[in-house]
Each structure stands twice: as C-alpha cells, then as structure tokens.
Amino acid sequence: QVQLMESGGGLVQTGGSLRLSCAASRTIFSFNTMAWYLQAPGKQRELVAVITRGGATTYSDSVKGRFSISRDSTRNTVDLQMNSLKPEDTAVYYCKVVTAERTYWGQGTQVTVSS
C-alpha cells in the first residue's frame with residue numbers, strides 16, 4: 001500500500017540546479033534499492049542513480065559528478081540533487097523503490113533545461 005509522489009521538476013537554464021524529491025506515503029523498513037530513472041521522448045527509461053540500503057551509490061557516466069542521490073529517513077523521501085544542468089538532461093524523471101515483494105514507481109516529473 002506504499003505510494004510514491006514526486007516533486008521538484010521544472011524549467012531551468014543551462015548551468016542551473018534543481019532538487020527532485022520522491023515522498024513515500026509510509027516508511028519502508030525493508031528495501032533493496034532506491035533509484036532515479038529518466039525517460040526522454042521516444043526513448044526507453046534508463047537508470048541514472050541508485051542508492052542501496054547500506055548507503056552505497058552508483059551513477060550513470062553522464063551524470064557522475066553533477067547529480068547526487070540521497071535518502072532522508074525523517075522525511076521519508078529519496079532525493080536527487082541536480083547541478084550544472086545541460087539541455088541533454090531534459091527528460092521525465094521517475095523514482096523507483098524495490099523491496100523484497102514489490103517494485104514501486106512514482107508518476108514522473110518533467111525537467112526541462114534550456115540552452
């Protein structure tokens with residue numbers, strides 16, 4: 001019965017920053033990974049950042065050094081800090097949480113970076 005709700009998307013100029021947030025309707029006590037994906041128009045969804053239960057993080061080559069994934073247990077969120085944004089970052093961004101029994105997806109939030 002967990003629901004994910006995303007926020008923080010919008011329009012930003014090249015070089016700017018955005019912070020995406022994915023809020024869970026209740027605390028998830030046992031999870032394998034929390035992740036952010038992107039999907040550009042006409043393309044398949046692809047992984048951009050993942051954080052494990054132990055706190056290890058992994059990033060795609062295109063965002064390494066610019067994006068940072070984190071979780072906040074007090075606010076029950078997983079966040080994606082995006083810095084030095086480029087037009088090629090333009091996409092719909094989705095939150096994903098994987099537990100032992102289910103995979104949960106957020107509804108997606110649009111990020112548009114102007115040149």
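Every chain's residues receive numbers from 1 upward, in the order its sequence appears when written. For this predicted model, a pLDDT threshold of at least 70 governs which residues receive local features, and a threshold of 80 or more governs which side-chain atom pairs are given and counted, while totals over whole chains, interfaces and linings are taken from all residues. Computation of side-chain values covers all heavy atoms of the structure but excludes hydrogens and water.

Engineer: Looking at this structure, I do not really get the overall build of the chain. What am I missing?
Structural biologist: What the chain contains, in helices and strands, is 0 helices and 11 strands. Going from N to C terminus, the chain has its helices and strands arranged as β-β-β-β-β-β-β-β-β-β-β. As a reference, a globule follows 2.2 Å times the number of residues to the power 0.38, and the radius of gyration itself is taken over C-alpha atoms. On C-alpha atoms alone, the chain measures out to a radius of gyration of 14 Å, which is about the 13 Å that the 2.2 N^0.38 rule sets for 115 residues. Projecting the C-alpha coordinates of the chain onto the three principal axes gives extents of approximately 40 × 25 × 25 Å. With 115 residues in all, the chain has 43% of them scored as buried. Only heavy atoms matter for contacts: two residues are in contact if any of them lie within 4.5 Å across the pair. For the chain, contacts bridging at least 24 residues in sequence account for 51% of all contacts bridging at least 6. The sign given to each residue is positive for Lys and Arg and negative for Asp and Glu; His and the chain ends receive no count. Charge positions come from single atoms, namely NZ of Lys, CZ of Arg, CG of Asp or CD of Glu. Taking the 12 positively charged and 8 negatively charged side chains of the chain as two groups, their mean positions are separated by 5 Å. Here a strand is any run of E in DSSP of at least two residues, a helix any run of H or I of at least four, and the numbering for each starts at the N terminus. Accessible area is worked out with a 1.4 Å probe on protein chains only. A residue is then buried under 20% of its type maximum, exposed over 50%, and partly exposed in between.

Engineer: What is the right way to read the pairing of strand E7 (residues 67-72) from this model?
Structural biologist: Looking along a regular strand, one sees side chains alternate from face to face of the sheet. Strands were regarded as paired on the criterion that DSSP finds at least two bridges between them. As judged from the 6 bridges shared by E7 and strand E8 (residues 77-82), these two strands associate in the antiparallel manner. Its bridge partner being in E8, aspartate 72 is matched across the sheet by threonine 77. In sequence, E7 turns back onto E8 through a hairpin of 4 residues, with asparagine 76 there showing a positive phi of about 60°.

Engineer: Whenever I open this one, the nonpolar core confuses me. Can you help?
Structural biologist: Across soluble globular proteins, nonpolar side chains show a tendency to be buried alongside one another. Among buried residues, the Ala, Val, Leu, Ile, Met, Phe, Trp, Tyr and Cys ones that are joined through side-chain atoms within 4.5 Å form a nonpolar core. Leu4, Trp36, Ile69, Leu80, Met82, Tyr93 and Val97 are the most contacted members of the largest nonpolar core, which has 30 residues in total. If you list the elements that add at least two residues to this core, you get strand E3 (18-24), strand E4 (33-39), strand E5 (46-52), E7, E8, strand E9 (91-98) and strand E11 (109-114).

Engineer: Would you mind showing me how to read the sheet that holds E3 here?
Structural biologist: Where strands meet in a sheet, backbone hydrogen bonds hold them as pairs that are either parallel or antiparallel. Ordered in space as E1-E3-E8-E7, the 4 strands form an open sheet in which the pairing is antiparallel. Because the sheet does not close on itself, it has two edges, and the strands there are strand E1 (4-7) and E7. On average, each strand axis in the sheet is inclined to that of its neighbour by 15°, with strand direction left out of account. Looking at chain direction, E3 and E8 are connected through 6 bridges and run antiparallel. From the neighbouring strand, serine 21 faces E8, where its bridge partner is aspartate 79. Think of each axis as a best-fit line through the C-alpha atoms, taken over the contacting stretch in the case of a helix, with angles from 0 to 180 degrees between the N-to-C directions.

Engineer: It is not clear to me how the side chain of serine 60 should be interpreted in this structure. Could you clarify?
Structural biologist: Of note, serine 60 is situated in the loop between strand E6 (57-59) and E7. In this structure serine 60 comes out as buried when scored by relative accessible area, which is 17%. With residues up to four places along the chain from it excluded, the contact list for serine 60 reads Leu47 and Val48.

Engineer: When you look at the layout of surface pockets in this model, what are you seeing that I'm missing?
Structural biologist: In this approach, a probe sized like a water molecule rolls over the atoms, and the result shows the empty space that is left. Each pocket or cavity is described by its volume, and for the largest pocket that value is around 190 Å³. Together, 18 residues line the largest pocket, and Ile28, Phe31, Met34, Ser73 and Asn76 are the ones closest to its centre. Of all the secondary-structure elements, those providing two or more residues to the lining of the largest pocket are E3, E7, E8 and E9. Three classes are used, and their members are as follows: Ala, Val, Leu, Ile, Met, Phe, Trp, Tyr, Cys and Pro are nonpolar, Asp, Glu, Lys and Arg are charged, and the others, Gly among them, are polar. A per-class count over the lining of the largest pocket returns 10 nonpolar, 4 polar and 4 charged. Points on a 1 Å grid, built from protein atoms alone, make a cavity when a 1.4 Å probe fits but cannot get out and make a pocket when they are open with protein on both sides within 12 Å along at least 5 of 7 lines; residues with an atom within 4 Å of a point are the lining residues. Grid points are joined across faces, edges and corners, and a volume is the space filled by probe spheres set on the points. Volume-wise, the second largest pocket comes out at about 170 Å³. In terms of residue class, the lining of the second largest pocket is made up of 3 nonpolar, 4 polar and 6 charged.

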